[in-house]
Each structure stands twice: as structure tokens, then as C-alpha cells.
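Now for the letters of each chain:
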Amino acid sequence: MIKITVRLLAVSVLCLISQQSLAVAYCALRDPTDAIHHFYPDLMKYEALDGTVDEAVRDHLSTKLANLHFDEFGTHTLYAVYGVKGAAGFVHARTEKGDFGLDELVWSLSPKLTIQGFRYQRTRSRHSAMIESPEFLLWLNGKGQEELTALLTPDGLRLALRPHFVEPEAESLAVTAIRSAIKTILVTQFVWGDTINTSTG
């Protein structure tokens, strides 16, 4: 009986360590400092806004995005960027499941929460250059959550219409990027909405 109890305890500890390691994998990559200067080379300052992502956030996202698998609970950070004329935008880093492991995507949002820019901070996908191409970025820039959602099929798993600059074998990565953009906007609205309204005046 004692041996069984010890084994169960050991399994529980291993599971806990595994869960903590996964959480670290999702959070350790979230350091978009370089990206802030990449997106906003003339910034005056930026500040980190911490927010709590919990089940309520997941429930909200699930009403807006089909086939959602979201388990990034905990404290997340949004970066508010300011220029000479005030609020210039926001930067938020997200971790998504890529073709080969975890991809780190960094999004730049306008004060109105439309897409201003994007880049990979970490990826092992051979199609990432296509996703970072000027054509793809231009396709997404200026779009908000509803416009981005319209780029996908109703189930959210394919492109509604694949543009010529997205190769067939890269479609899944393009879908992942668009879904990431949608989640970025929705999480920003839900978690930091009041703070954003105050900071942007």
C-alpha cells in the first residue's frame, strides 16, 4: 500500500513538473523588446501592462473563433507604445503550435486594434518567409478582428480564398498566423480594454 502511494505521489509530481514546463515554454518566449523597436523605431517610450488570462478569456474567444484550443492561462503582458503624438500602438507576443514545435509570433496593433505589423521571433517552419513577405503583411495590415475572421472558412481551419502569394503547402501556416492575429486582438480587447481606452484617450 505504501509503495503504491509513493508511486502515485511520484507520478503526480512528474505531471506537475510537466505542466509547469509547458507553462514556461509558453511564457519564456514572450520578450518582444526587440520587436518594439522594430515596429516603432521612433518611439518615445513604452510600458508593460500585465493582465490575467483565465477561463473567462477562453470562453469569450470561443464565441468568436471556431475550433479554439486555448490553454495559455496566467499573467500575460501587453506593451503600450507612445510616440510624439501620444499612443502609437501595442505589441503583443503570442505562442502558437507551428509545423515543427512552438512558434513565437509578435504582433503590432494600432490604437484601434487593427493589424499594423507582424514578425516571427522564433519559428522552425520552412514557409515562414512567405508569411513574413510584404504581400502577406499587406494583406493583413489594417484589418480588425471581423475582417480577419472573414479570411477564414466558417470552421476557422482553412482560408476562405487562398491568394496567389500563399502556396498550397503553406496554407496551414497562413491560417495559424491569421488565427493568432484574431486571438491577439480579442485577448487585448477583453483583458486590457479599459486600460487601452484610458491610455489612448
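For the structure, see preceding data.
Here the structure is a predicted model, which means the values were calculated and not measured.

1. Overview of the overall build of the protein
Then, number 1: The secondary structure content of the protein amounts to seven helices and five strands.
Then, number 2: Shown N-terminal to C-terminal, the secondary structure of the protein runs as helices and strands in the order α-α-β-α-β-β-β-β-α-α-α-α.
Then, number 3: Taken over 201 residues, the protein has a buried fraction of 42%.
Then, number 4: Sequence separation of 24 or more characterises 61% of the internal contacts of the protein that already satisfy a separation of 6 or more.
Then, number 5: As displayed, the protein has an accessible area near 11100 Å², and 55% of this comes from carbon and sulfur atoms.

2. Quick notes on the sheet that holds strand 1 (residues 45–53)
Then, number 1: What the five strands build is an open sheet, ordered 1-2-3-4-5; its pairing is antiparallel. With partners counted over all chains shown, the strands left at the sheet margins are strand 1 and strand 5 (115–122), one partner each. Ignoring strand direction, the axes of neighbouring strands in this sheet form an average angle of 25°.
Then, number 2: Two strands pair when backbone bridges link them, and strand 1 and strand 2 (residues 74–83) are joined in this way by nine bridges, in the antiparallel orientation. Along strand 2, the bridge assignment pairs D50 with T77.

3. Quick notes on the nonpolar core
Then, number 1: Counting residues in hydrophobic clusters, the biggest one holds 41 residues, and the most contacted among them are I131, F136, L140, L148 and I178.
Then, number 2: Sorting the residues of this core by element identifies strand 1, helix 3 (55–62), strand 2, strand 4 (101–109), strand 5, helix 4 (128–131), helix 5 (134–140) and helix 7 (171–200) as the ones contributing at least two each.
Then, number 3: If you tally residues by element for this core, the top one is helix 7, at twelve residues.
Then, number 4: Beyond its immediate chain neighbours, meaning those up to four positions away, I178 contacts F136, W139, L140, L148, L151, L152 and L159.
Then, number 5: Counting ten residues, the second largest nonpolar core, distinct from the first, contains I36, F39, Y40 and A93.

4. Description of the environment of G144
Then, number 1: Position of G144 among the secondary structure elements: in the loop between helix 5 and helix 6 (145–149).
Then, number 2: We classify G144 as buried; its relative accessible area is 11%.
Then, number 3: For G144 and L109, which are 35 residues apart along the polypeptide, the C-alpha to C-alpha distance reads 9.3 Å.
Then, number 4: Beyond its immediate stretch of four places on either side in the chain, G144 contacts L113, T114 and I185.

5. Remarks on the pairing of strand 3 (residues 86–98)
The side chains of a regular strand alternate between both faces of the sheet.
Then, number 1: Two elements, strand 2 and strand 3, share five bridges in a ladder whose sense is antiparallel. Residue pairing across strands places Y82 opposite A87, the latter belonging to strand 3.
Then, number 2: Linkage of strand 2 to strand 3, two consecutive antiparallel strands, is achieved through a turn of two residues.
Then, number 3: In terms of strand pairing, strand 3 meets strand 4 through nine bridges, oriented antiparallel. Note that in strand 4 the partner of T95 across the bridge is E104.
Then, number 4: In this antiparallel pair of consecutive strands, strand 3 and strand 4, the connection spans two residues.

6. Digging into the packing of aromatic side chains
For any pair of aromatic rings, geometry is given as the distance between the ring centres together with the angle between the planes.
Then, number 1: For the coordinates displayed, the defined rule picks out five aromatic pairs.
Then, number 2: Consider the rings of W107 and F118, whose centres lie 4.5 Å apart with planes at 35°: the pair is tilted. Of this pair, W107 sits in strand 4 while F118 sits in strand 5, placing them eleven residues apart in sequence. The same class applies to W107 as to F118, namely buried.
Then, number 3: Grouping aromatic residues by their ring pairs yields a cluster made of W107, F118 and Y120.
Then, number 4: The ring of Y82 has K45 lying over it, and the distance from NZ or CZ to the ring centre is 5.3 Å.

The rules behind these values
Residues numbered from 1 in each chain as written. Predicted model: local features only at pLDDT ≥ 70, side-chain atom pairs only at ≥ 80, totals over all residues. Heavy atoms only, no water. Helix = DSSP H or I, 4+ residues; strand = E, 2+ residues; numbered from the N terminus. Buried < 20%, exposed > 50% of the residue type's maximum accessible area, 1.4 Å probe, protein only. Contact = heavy atoms within 4.5 Å. Areas by Shrake-Rupley, 256 points an atom, 1.4 Å probe, with all protein chains shown as cover. Pairing = 2+ DSSP bridges. Axes fitted to C-alpha atoms, helices over the stretch in contact; angles between N-to-C directions. Core = buried A, V, L, I, M, F, W, Y, C linked by side-chain atoms within 4.5 Å. Phe/Tyr/Trp six-rings, centres within 6.5 Å; stacked < 30°, edge-to-face > 60°. Lys NZ or Arg CZ within 6 Å of the ring centre and 35° of its normal.

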